[in-house]
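A structural walkthrough
Here are the chains, one letter per residue:
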Amino acid sequence: MKRRQSPQQITEGVIWKQLLIFFFPILLGSFFQQMYNTVDTIVVGRFVGRGALAAVGSTTALINLTNGFFIGLSTGATVIISQYFGARDEKSVDKALHTGMTLAVILGLIVMAVGFLAGPYILELIQTPANCMEDATRYAKVYFLGAVASMIYNMGAGILRAMGDSRRPMIFLIVACLVNIVMDLVCVVVLKMGVVGAAVATVFSQVVSAILVLVVLGNLPETYRLSLRKLRLHGSMLPQLLKVGIPAGLQCTTFDLSNMLIQSGINSFGEVTIAAWTAISKTDAIIWMINSAFGMAITTFVGQNFGARRYDRVRRSVWVCLGMSVCSVAVLSAVVLVLREFILGIYIVDPEVIKAGAYIMLWISPFYALFVPVEVFAGAMRGTGYSVVPTVISCICVCAMRVLWVAVIVSRFHTVEMLALAYPVTWALAAITFFIVYLRGKWLKKPAAAMQ
């Protein structure tokens, strides 16, 4: 009989080694998750054309906005489960697990309805060019049919990571990505379905990843096993999940709202700039994967150690994680900057688009490391349940300042350079603010949810 793999404690051992062991599967998983849309971009850009690429790219802000809040909300389950797991409170882990998965299904249905019904109106609101609107609408409507599967996977993967298992979520995403590649080639290249084919491929691969995570959760040791009969919103657990998850979701939304505003500005520059920025965003995603992976790693690491009251390990782990993240992003930023034309050529063969994209990257790529403290400090604070303050910082320093920048600076100086500078300026402001809040130390004085 095959032995079921047990969840792992990360409250003992060498911090940097455990962070890296936990980090790399998250990073690889994030890479393959990003490959969902990246493969769509490559296949559509190369086999359909820049108009179709611009149409897919113009939906990015809409997709991120609708998904961002609810995926951020699932962070609440990850944090609470990691704290209870660190405290070895098995009954509470069980309640949090089933409450989280029930919430995922509900949120998936909401995202599907909002994206499918309101998507076309939002695309108009952000000034999607008329020649892109039809394809953009068709892509978005099909894409959002997979919202339930996407939410189930993200919640399930977060639960596994909270228990110290970052390897299997990575494996699921690798499988799903390979499925997506095959389906993209079949639907777009062979069946000539255009942007709809790319969306169908993505939805199919999301269903595959959701099924895989459900199978694993249903075969964990009995203490932590997912059971369909136990699915419900536990009244004692839901408020705890929402207390952490809602601010985390709002933080995701602030970034997405500001990016939607930026997308509106991008759309005002026409098809070439939209296509260029779409290719840039896929290149940027490599950097964000590293930042996000370190952020998720430190959230779970802090959560388990906070639940176990290992506050010394909490403090040391934050600085270790920050150092590793800064070094990684700085090196990769240099590589991306040097090879930017080659990288952009992977997504599109149009020389005009590549030239425009390479120029825009000069204004963004050198400053990627400015965002590292935001992800690491916010993740650490969230791991202790201190989730409101990071959200407030993001709302003010990212969303509000970008709105102000676009409304004042870009409207007066309508150039892509001024639009691109909105990113490094707001990253720097947010990073400085997070440093100040972190050093004050109030985030570490709250009791763990598992002890309340």
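Please read all numbers here as calculations on a predicted model, not as lab measurements.

Side note on the pattern of salt bridges
Inspection of every chain in the model, using the stated rule, returns 5 salt bridges. A salt bridge links Asp94 to Lys230; its shortest N-O distance comes to 3.6 Å. Residue Asp94 is found in helix H5 (residues 90-125), and its partner Lys230 is found in the loop between helix H9 (194-217) and helix H10 (238-267); the two are separated by 136 residues along the sequence. We classify Asp94 as buried; its relative accessible area is 16%. Across the pair Asp312 and Arg310 runs a salt bridge whose closest N-O atoms are separated by 3.5 Å. Taking the relative accessible area as the measure of exposure, Asp312 reaches 36% and is therefore partly exposed.

As for the environment of Val216
Topologically, Val216 is positioned in helix H9. Among the residues examined, Val216 registers a relative accessible area of 11% and is labelled buried. Sequence separation between Val216 and Arg168 is 48 residues, and the spatial gap between their C-alpha atoms is 8.5 Å. Look past the residues within four positions of Val216 in its chain and what remains in contact with it is Leu160, Arg168 and Phe172.

Some points on the packing of H5 against helix H7 (residues 147-162)
Where H5 meets H7, the axes come as close as 7 Å, and the angle between the chain directions of the two elements is 155°. Taken together, the axes of H5 and H7 are roughly antiparallel relative to one another. Relative to H7, the crossing made by H5 is right-handed. Residues Leu97, Gly100, Met101, Ala104, Val105, Leu107, Gly108, Leu109, Val111 and Met112 of H5 lie in contact with H7, whose contacting residues are Ala147, Val148, Met151, Ile152, Met155, Gly156 and Ile159. Of the residues assigned to the contact of H5 with H7, the class counts are 14 nonpolar, 3 polar and no charged.

Considering the packing of aromatic side chains
Where two aromatic rings form a pair, the distance of their centres and the angle of their planes describe that pair. Throughout the structure, instances matching the rule amount to 17 aromatic pairs. Aromatic side chains Tyr368 and Trp427 sit 6.2 Å apart centroid to centroid with 40° between the ring planes, which places their arrangement in the tilted category. Placement of Tyr368 in the loop between helix H14 (351-361) and helix H15 (372-383) and of Trp427 in helix H18 (residues 422-440) is noted, with a sequence separation of 59 residues between them. Of the two residues, Tyr368 and Trp427, neither departs from the other in class, the shared state being buried. Cluster of aromatic residues (ring-pair linked, three or more members): Trp288, Tyr368, Phe371, Tyr423 and Trp427. Stacked on the ring of Phe116, the Lys or Arg Lys141 has its end atom at 5.2 Å from the ring centre.

Digging into the nonpolar core
Generally speaking, nonpolar side chains in soluble globular proteins are found buried as a group. Among the nonpolar cores identified, the biggest contains 142 residues, and Met163, Trp277, Val318 and Trp443 are the most heavily contacted of them. Considering every element that reaches this core, the biggest residue donor is helix H11 (residues 271-307), with 17 residues. If we ignore the near neighbours within four places in the chain, the residues touching Trp443 are Val314, Val318, Ala380, Met381, Thr384, Tyr386, Val437 and Tyr438.

Considering helix H6 (residues 130-143)
For H6, which comprises 14 residues, the first-to-last C-alpha distance of 20 Å matches the rise-based estimate of 20 Å (1.5 Å per residue) to within 8%. Along its length, H6 shows its largest kink, about 25°, at Ala136.

What to know about the packing of H7 against H9
Their axes nearest at 8 Å, the elements H7 and H9 cross at an angle of 40°. As far as their axial angle goes, H9 and H7 are oblique. For H7 against H9, the interelement crossing comes out left-handed. Along its contact with H7, which presents Ala149, Ser150, Ile152, Tyr153, Gly156, Ala157, Ile159 and Leu160, the element H9 presents Gln206, Val207, Ser209, Ala210, Val213, Leu214, Val216 and Leu217. Of the residues contributing to the contact of H7 with H9, the split by class is 12 nonpolar, 4 polar and no charged.

Comments concerning a nonpolar patch on the surface
Taken together, the side chains of Val331, Val335, Val338, Leu339, Phe342 and Ile346 present a nonpolar region at the surface, about 580 Å² in accessible area. Mapped by element, the contributors of at least two residues to the nonpolar patch are helix H12 (311-338) and helix H13 (340-347). A total of 3 residues in the nonpolar patch trace back to one element, the largest contributor, which is H12. With a relative accessible area of 66%, Val338 lands in the exposed category.

Calculation notes
Residues numbered from 1 in each chain as written. Predicted model: local features only at pLDDT ≥ 70, side-chain atom pairs only at ≥ 80, totals over all residues. Heavy atoms only, no water. Salt bridge = Lys/Arg side-chain N within 4 Å of Asp/Glu carboxyl O. Helix = DSSP H or I, 4+ residues; strand = E, 2+ residues; numbered from the N terminus. Buried < 20%, exposed > 50% of the residue type's maximum accessible area, 1.4 Å probe, protein only. Contact = heavy atoms within 4.5 Å. Axes fitted to C-alpha atoms, helices over the stretch in contact; angles between N-to-C directions. Parallel < 35°, antiparallel > 145°, perpendicular 65-115°, else oblique. Left-handed = near helix turned anticlockwise from the far one by under 90°. Nonpolar A, V, L, I, M, F, W, Y, C, P; charged D, E, K, R; others polar. Phe/Tyr/Trp six-rings, centres within 6.5 Å; stacked < 30°, edge-to-face > 60°. Lys NZ or Arg CZ within 6 Å of the ring centre and 35° of its normal. Core = buried A, V, L, I, M, F, W, Y, C linked by side-chain atoms within 4.5 Å. Expected span 1.5 Å × (residues − 1). Bend = angle between axes of the 7 residues up to and from the residue. Patch = residues over 30% accessible without salt bridge, like charges linked within 9 Å, V, L, I, M, F, W, Y side chains within 5 Å. Areas by Shrake-Rupley, 256 points an atom, 1.4 Å probe, with all protein chains shown as cover.

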